[in-house]
Amino acid sequence: MTHTTTCDNGFEGPSRRSFMAGTGSILGAVALGGVAPVARAATSIADAAVVPALVIGTGYGGSVTALRLAQAGVDVHMVEMGMAWDTPGADGKIFANTTTPDQRSFWLRTRTKQPLSNFLGFPIDKTIPKYTGILDAEEFAGITVYQGRGVGGGSLVNGGMAVTPKRENFADVLPTVNPDEMYNTYYPRANAELGVGLIRPAWFDTTDAYQYARVGRKHAQRSNFPYVFVPTVYDWNYMEQEAAGTVPKSALAGEILYGNNYGKKSLQKSYISKIRATGRVTISPLHRVVSVVPATGGYKVTIEQLNTTGDPIAVKEVTAAKVFFAAGSVGTSKLLVKLKATGALPNLNGEVGKGWGDNGNVMCGRANHLWDPTGALQSSIPTLGIDNWAAGGAFAEVAPLPTGIETYASFYLSITRTPNRAQFTWNAAAGKVDLNWQTAWKSVSINAAKTIFDKINSKEGTIYRTDLFGVYKIWGDHLTYHPLGGAVLNKATDNYGRLQGYPGLYVTDGSLIPGCTVVNPFVTITALAERNIEKIIATDF
Ligand code: FAE
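Keep in mind it's a predicted model, so treat the numbers as computed, not measured. (Residues numbered from 1 in each chain as written. Predicted model: local features only at pLDDT ≥ 70, side-chain atom pairs only at ≥ 80, totals over all residues. Heavy atoms only, no water.)

A. The arrangement of the packing of helix α5 (residues 211–222) against helix α10 (residues 443–460) in detail. Two numbers describe how α5 lies on α10: the axes approach to 9 Å, and their chain directions differ by 90 degrees. Comparing the axis directions of α5 and α10 gives the class roughly perpendicular. Taking contact as the criterion, the partners of H219, A220 and R222 in α5 are, on α10, I456, K459 and E460. For the contact of α5 with α10, the class distribution of residues is two nonpolar, one polar and three charged. (Axes fitted to C-alpha atoms, helices over the stretch in contact; angles between N-to-C directions. Helix = DSSP H or I, 4+ residues; strand = E, 2+ residues; numbered from the N terminus. Parallel < 35°, antiparallel > 145°, perpendicular 65-115°, else oblique. Contact = heavy atoms within 4.5 Å. Nonpolar A, V, L, I, M, F, W, Y, C, P; charged D, E, K, R; others polar.)

B. Local environment of the domain arrangement of the protein chain. Per the domain assignment, the segments making up the protein chain are domain 1 (31–197 + 257–358 + 478–541) and domain 2 (198–231 + 361–417 + 440–477). A separation of 29 Å is found between the C-alpha centroids of domain 1 and domain 2. Here domain 1 meets domain 2 over a buried area of about 2,300 Å², counting both sides, of which 61% is carbon and sulfur. Among the residues of domain 1 in contact with domain 2, L116, F119 and M161 are the three that bury the most area, contributing 24% of the side total. Here K442 ties to D358 by a salt bridge, and the two come within 2.6 Å at their closest N and O atoms. Taken together, the connections running from domain 1 to domain 2 amount to nine residue pairs in polar contact (both at pLDDT 80 or more). Those elements giving two or more residues to the side of domain 1 that touches domain 2 turn out to be β3 (118–119) and β19 (479–480). (Domains from an automatic or database assignment. Buried area = accessible area lost by both parts, 1.4 Å probe. Salt bridge = Lys/Arg side-chain N within 4 Å of Asp/Glu carboxyl O. Polar contact = N/O pair within 3.5 Å; in protein donor to acceptor, adjacent residues only side chain to side chain.)

C. Local environment of α10. Its 18 residues give α10 an end-to-end C-alpha distance of 24 Å, which sits within 8% of 26 Å, the value for a rise of 1.5 Å per residue. Within α10, the axis deviates most sharply at K450, by approximately 45 degrees. The complete set of buried residues in α10 reads S445, I446, A448, A449, I452, F453, I456, N457 and E460. Downstream of α10 by a residue or two, G461 has a phi angle that is positive, lying close to 70 degrees. (Expected span 1.5 Å × (residues − 1). Bend = angle between axes of the 7 residues up to and from the residue. Buried < 20%, exposed > 50% of the residue type's maximum accessible area, 1.4 Å probe, protein only.)

D. Main features of the pairing of strand β11 (residues 312–325). Relative to β11, strand β1 (residues 50–56) runs parallel, the two being bridged by six bridges. Directly across from V55, in β11, lies its bridge partner F324. For strand β10 (residues 298–306) and β11, the ladder comprises eight bridges, and the chain directions are antiparallel. Looking at the pairing, I303 lines up with K316 of β11. (Pairing = 2+ DSSP bridges.)

E. Representation of the packing of aromatic side chains in the model. Inspection of the entire model under this criterion finds 23 aromatic pairs. When the centroid spacing of 5.8 Å and the interplanar angle of 35 degrees are considered together, the rings of W85 and F95 count as tilted. Remark: F95 occurs in the loop between β2 (76–79) and β3 and W85 occurs in the loop between β2 and β3; sequence separation between them is 10 residues. Considered together, W85 and F95 belong to a single accessibility category, that of buried residues. An aromatic cluster is defined as three or more aromatic residues linked by ring pairs; in this entry it consists of W203, F204, Y210, Y212, Y227, F229, Y234 and W236. Cation over ring: K322 sits above F541, and NZ or CZ is 5.2 Å from the ring centre. Positioned above the aromatic ring of Y496 is the side chain of K535, whose terminal nitrogen or guanidinium carbon lies 5.0 Å from the ring centre. (Phe/Tyr/Trp six-rings, centres within 6.5 Å; stacked < 30°, edge-to-face > 60°. Lys NZ or Arg CZ within 6 Å of the ring centre and 35° of its normal.)

F. Up close: the sheet that holds strand β5 (residues 135–139). Taken together, three strands build an open sheet; the order of strands is β5-β6-β19 and the sheet is mixed. Looking at the sheet topology across the chains shown, the edges are occupied by β5 and β19. Two elements, strand β6 (residues 144–148) and β19, share two bridges in a ladder whose sense is parallel. The residue bridging V145 from the neighbouring strand is T480, located in β19.

G. Quick look at the pattern of salt bridges. Scanning all chains against the criterion turns up 28 salt bridges. In this structure, the salt-bridge partner of R280 is D75, at a minimum N-O distance of 2.8 Å. Residue R280 is found in the loop between α7 (271–278) and β8 (281–284), and its partner D75 is found in the loop between α1 (60–71) and β2; the two are separated by 205 residues along the sequence. Here the salt bridges share partners, and the residues they tie into one network are R68, E193, K274 and E530.

Right under this line is the structure:
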């Protein structure tokens, strides 16, 4: 393989080559393990504490914010509803394997809810003990939103695709942000801090682990689609050593969706390790923020401490001068919508809860001919994408199906252009927040994805797989990995994430982004958080 100029179509990235990506989207073929994880006692925030800055959530937005505040000399308390994920279970591993989900795998479910629910027509979900596991499949009426739970947020479970959008598309992503400052300063800063890097092309060309991606590339080329190499936060040297058999396997053992034990540079290895080194930040896992109200000295924050079956075992009330909402698009939106509707923060403006999108996510598989095997060994970290954004509004990640057996399947997660945006609202009768997304809205995304796969199927004489999302169901249109929006920048907040109506309250996560990042979102979330916190430290502290 060569990095031909045909694949170099101008995506911004950590090198001069051009890249774009999809998302780690993985099959979990199940054989339920019974590994008892070890709960960890963590030093946590004290009841009645008075703190200068409290950060709700430990994903990308929260980690950037906490690091920069601490480096500026501010003592920070991070509150995280999920577990610490720093202690091995009885099997010696912190994280469960994708092929053998156990209680560590899902957030408070008694049955797995794997993104690919079926294989060869058979349902593959399994019973598991209820536990504060790592992957939340949060169900709203029209969509299941997958999210990471624990110290590190989505970085614990995601595919590690670290993509900077093409600059010419940036106005669609964050229309009120100056692209010069993002592309000159904050995207480079985010890429450097996250440790973004590229596969070695010669290794890509020869390793068994990316045969599936080479098949994807060949099919894209034969239909004249540009393909792009995707930068990631996986340690590529480590993966080559995995293949050589000199280190414990991680990506090459199919680890990803329920955590990655070795090679992926999750936030725990990047921002959060720097956060710990400052000595100024307390992180409280298994603590969930349930309320924020104005109080003398700032805001009274009510926090429930959880046990590992999700039950509150203590309630703490803390006073924080400044509060940063970094609970993710869904978490922050749900909190703000509830707090506005129930009178805790009544002056939040009417934009709160609006502008939510799914980044146009849709999945599908193709059935290859028997002479086109995709390989029994598949790296769980995708690194190749097919780009039809300009012509058809779709970018498709060539994703793995790390089942350990030859499937003759090509599997894809597409990010598509879609105008549909949903709203979170408070359902007083049920005491919960609803989201009015409709499954039918995904038809726009399916049509965009078909601009790629109909053409490839026609050229290759192949068909869609119908066995991955149910019985005779082609499209994975029931889910998203990329929730975005709900507290949109310059609408619910000012142009730096300050919540309108409440000085000292900020939003700093994916809820600022109005529904689509054109590519995978976490580099943009990180870069935006870097931009915003720099301004806020300069002006508000
Ligand atoms: P996030 O990382 O979700 O962090 C929010 C944190 O807040 C979580 O740890 C929550 O547990 C915590 N939290 C929520 N509510 C509360 C509360 N009330 N109190 C205390 N804590 C709370 O937010 N993106 C990419 O760019 N590339 C990929 O390859 C990719 N693959 C993905 C694969 C999967 C399976 C999934 C689920 C996501 C993937 N994503 C990917 C999306 C990416 O992980 C996501 O956009 C970011 O993690 C969002 O970052 P935030 O900081 O907004």
